[in-house]
Amino acid sequence: MTIVFNDPVNLMSYVTYVFQSYFGYSRLKSEKLMYEVHEDGRSVVATGSREQMERDTAAMHGFGLWAACRRADQGDS
Amino acid sequence: MKITPGPRGTARLDLSSAEKSVFVSVFSDTAALLGHDEGRDAGELSEAEQLARLVGMGGEVERPTDPALLRLLPDVDPDDPERSAEFRRLTDLDLRESKLANLRIALHSLGASGRVELDGPAQRAWLTALTDVRLVVASRLGLETDADLEDLYAREEELPDSEAMLVTVYDFLTWAQERLAGILLDSLTPPEKEDP
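What counts and how
Residues numbered from 1 in each chain as written. Chains lettered and ligands numbered in written order. Predicted model: local features only at pLDDT ≥ 70, side-chain atom pairs only at ≥ 80, totals over all residues. Heavy atoms only, no water. Core = buried A, V, L, I, M, F, W, Y, C linked by side-chain atoms within 4.5 Å. Buried < 20%, exposed > 50% of the residue type's maximum accessible area, 1.4 Å probe, protein only. Helix = DSSP H or I, 4+ residues; strand = E, 2+ residues; numbered from the N terminus. Contact = heavy atoms within 4.5 Å. Pairing = 2+ DSSP bridges. Axes fitted to C-alpha atoms, helices over the stretch in contact; angles between N-to-C directions. Salt bridge = Lys/Arg side-chain N within 4 Å of Asp/Glu carboxyl O. Buried area = accessible area lost by both parts, 1.4 Å probe. Polar contact = N/O pair within 3.5 Å; in protein donor to acceptor, adjacent residues only side chain to side chain. Nonpolar A, V, L, I, M, F, W, Y, C, P; charged D, E, K, R; others polar.

Asks: So what about the nonpolar core? Which residues, and what values?
Replies: A:Phe19, B:Phe23, B:Phe27 and B:Trp126 are the most contacted members of the largest nonpolar core, which has 70 residues in total. Here this core takes 11 residues from helix H7 (residues 161-187) of chain B, the largest share from any one element. Look past the residues within four positions of A:Phe19 in its chain and what remains in contact with it is A:Val4, A:Gly24, A:Tyr25, A:Ser30, A:Leu33, A:Met34, A:Val37, A:Val45, A:Met60 and A:Leu65.

Asks: How would you sum up the sheet that holds strand S2 (residues 11-14) of chain B? Please name residues and give values.
Replies: Strand pairs in the sheet, formed through backbone hydrogen bonds, run parallel or antiparallel to each other. Residue and element names in this part refer to chain B. An order of S1-S2-S3 is seen for the 3 strands of this open sheet, with the pairing classed as antiparallel. Looking at strand neighbours, the two that pair on one side only are strand S1 (2-5) and strand S3 (116-118), the edges of this open sheet. Taking each pair of neighbouring strands and ignoring which way they run, the sheet shows an average axis angle of 20°. Here 4 bridges tie S1 to S2, and the two strands are oriented antiparallel to one another. By the bridge assignment, Ile-3 is partnered in S2 with Leu-13. Together, S2 and S3 form the strand contacts of helix H5 (residues 120-140), whose direction differs from that of S3 by roughly 105°. Across the face of the sheet, H7 comes into contact with S1, S2 and S3 while running at roughly 5° to S1.

Asks: Describe in detail the pairing of strand S1 (residues 2-5) of chain A, supporting the description with residues and values.
Replies: Residues and elements named next belong to chain A. Burial along S1 is two-sided: Thr-2 and Val-4 facing one way and Ile-3 and Phe-5 facing the other are all buried. As paired strands, S1 and strand S2 (residues 42-46) are joined by 4 bridges and run antiparallel to one another. Bridge pairing in S2 links Val-4 to Ser-43. Relative to strand S3 (residues 66-69), S1 runs antiparallel, the two being bridged by 4 bridges. When the bridges of S3 are listed, Thr-2 appears paired with Cys-69.

Asks: Hey, could you go over the pattern of salt bridges for me, with residue numbers and the actual values?
Replies: Enumeration over the complete set of coordinates arrives at 17 salt bridges over all chains. Among the salt bridges present, the one from B:Arg83 reaches A:Glu54, with a minimum N-O distance of 3.0 Å. Separated into two different chains, B:Arg83 in helix H4 (residues 81-110) and A:Glu54 in helix H3 (residues 50-63) make up a pair that spans both. The exposure class assigned to B:Arg83 is buried, which follows from its relative accessible area of 11%. B:Lys99 is the salt-bridge partner of B:Asp132, the closest N and O atoms lying 3.0 Å from each other.

Asks: Can you lay out the interface of chain B and chain A for me, pointing to particular residues and giving the numbers?
Replies: Residue-level contacts link 38 residues of chain B with 29 residues of chain A. Carbon and sulfur atoms make up 56% of the surface buried where chain B meets chain A, a total of about 2900 Å² over both sides. Where chain B touches chain A, the interface holds 4 salt bridges. For A:Arg70, the salt bridge is made with B:Asp79, and the minimal N-O distance between the two is 3.5 Å. On inspection of chain B and its partner chain A, the count reaches 14 residue pairs in polar contact (both at pLDDT 80 or more). Among the elements that make up the side of chain B that touches chain A, the one with the highest residue count is H5(B) (8 residues). Here the side of chain B that touches chain A is built from residues that sort into 17 nonpolar, 7 polar and 14 charged.

Shape descriptors only; they carry no functional weight alone.
So, in structure tokens, the structure goes:
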């Protein structure tokens with residue numbers, strides 16, 4: 001899975017824009033995930049094959065979001 | 001500085017020459033940080049070296065020691081150094097290149113005299129370039145958590161000049177990014193057309 005972590009730099013509007021434009025999520029879903037990152041410190045933004053999750057994590061790094069790729073059985077902490 | 005939506009999904013930046021200089025300076029600094037970490041540009045590698053890197057045969061790629069650069073080029077899994085090193089070997093060049101491409105687009109648009117007009121792709125490049133330069137400035141200011149940021153603003157009056165200047169630049173960049181992100185977000189699916 002691909003996890004995005006909170007940081008003090010990324011703006012709520014920008015994070016929403018990234019989730020909406022990269023993953024193709026709706027505005028509502030993008031905002032929900034953004035608030036999870038902001039308030040809980042992290043959010044699982046995508047799940048799938050290892051290759052896909054690595055691609056997604058690299059894409060998040062491209063956008064400057066603080067993201068990591070974990071196996072689902074490793075947990076998200 | 002004024003950042004306003006223009007016709008056909010464009011954004012208009014009305015900047016003083018001093019404001020333009022600030023943007024040019026921070027975009028150039030971050031490009032230098034990304035481009036010269038190993039003492040040379042990716043563009044200066046021989047064709048064989050570039051090809052070797054593209055197919056992941058470029059040998060070890062060093063994990064950045066500068067915290068600002070490491071924030072731009074993070075580990076794919078901080079709990080797994082081996083996997084992160086392997087992933088870095090495969091993706092480091094592409095990630096640097098995509099960031100450098102955004103910075104170059106932003107710098108190019110600042111070359112225009114007078115008003116800067118950004119089409120959709122240029123706005124997206126600007127937004128991500130602004131994120132990267134803000135990450136670098138934040139790292140130089142030691143900002144790792146929301147609490148660090150609050151603490152910094154609480155101490156704002158007592159900061160030494162050099163740090164106070166960086167905070168001013170950071171606030172300026174944040175304001176610009178907030179404006180641009182708002183304009184771009186409005187041009188994506190309007191909320192009223194949202195699926196439930």
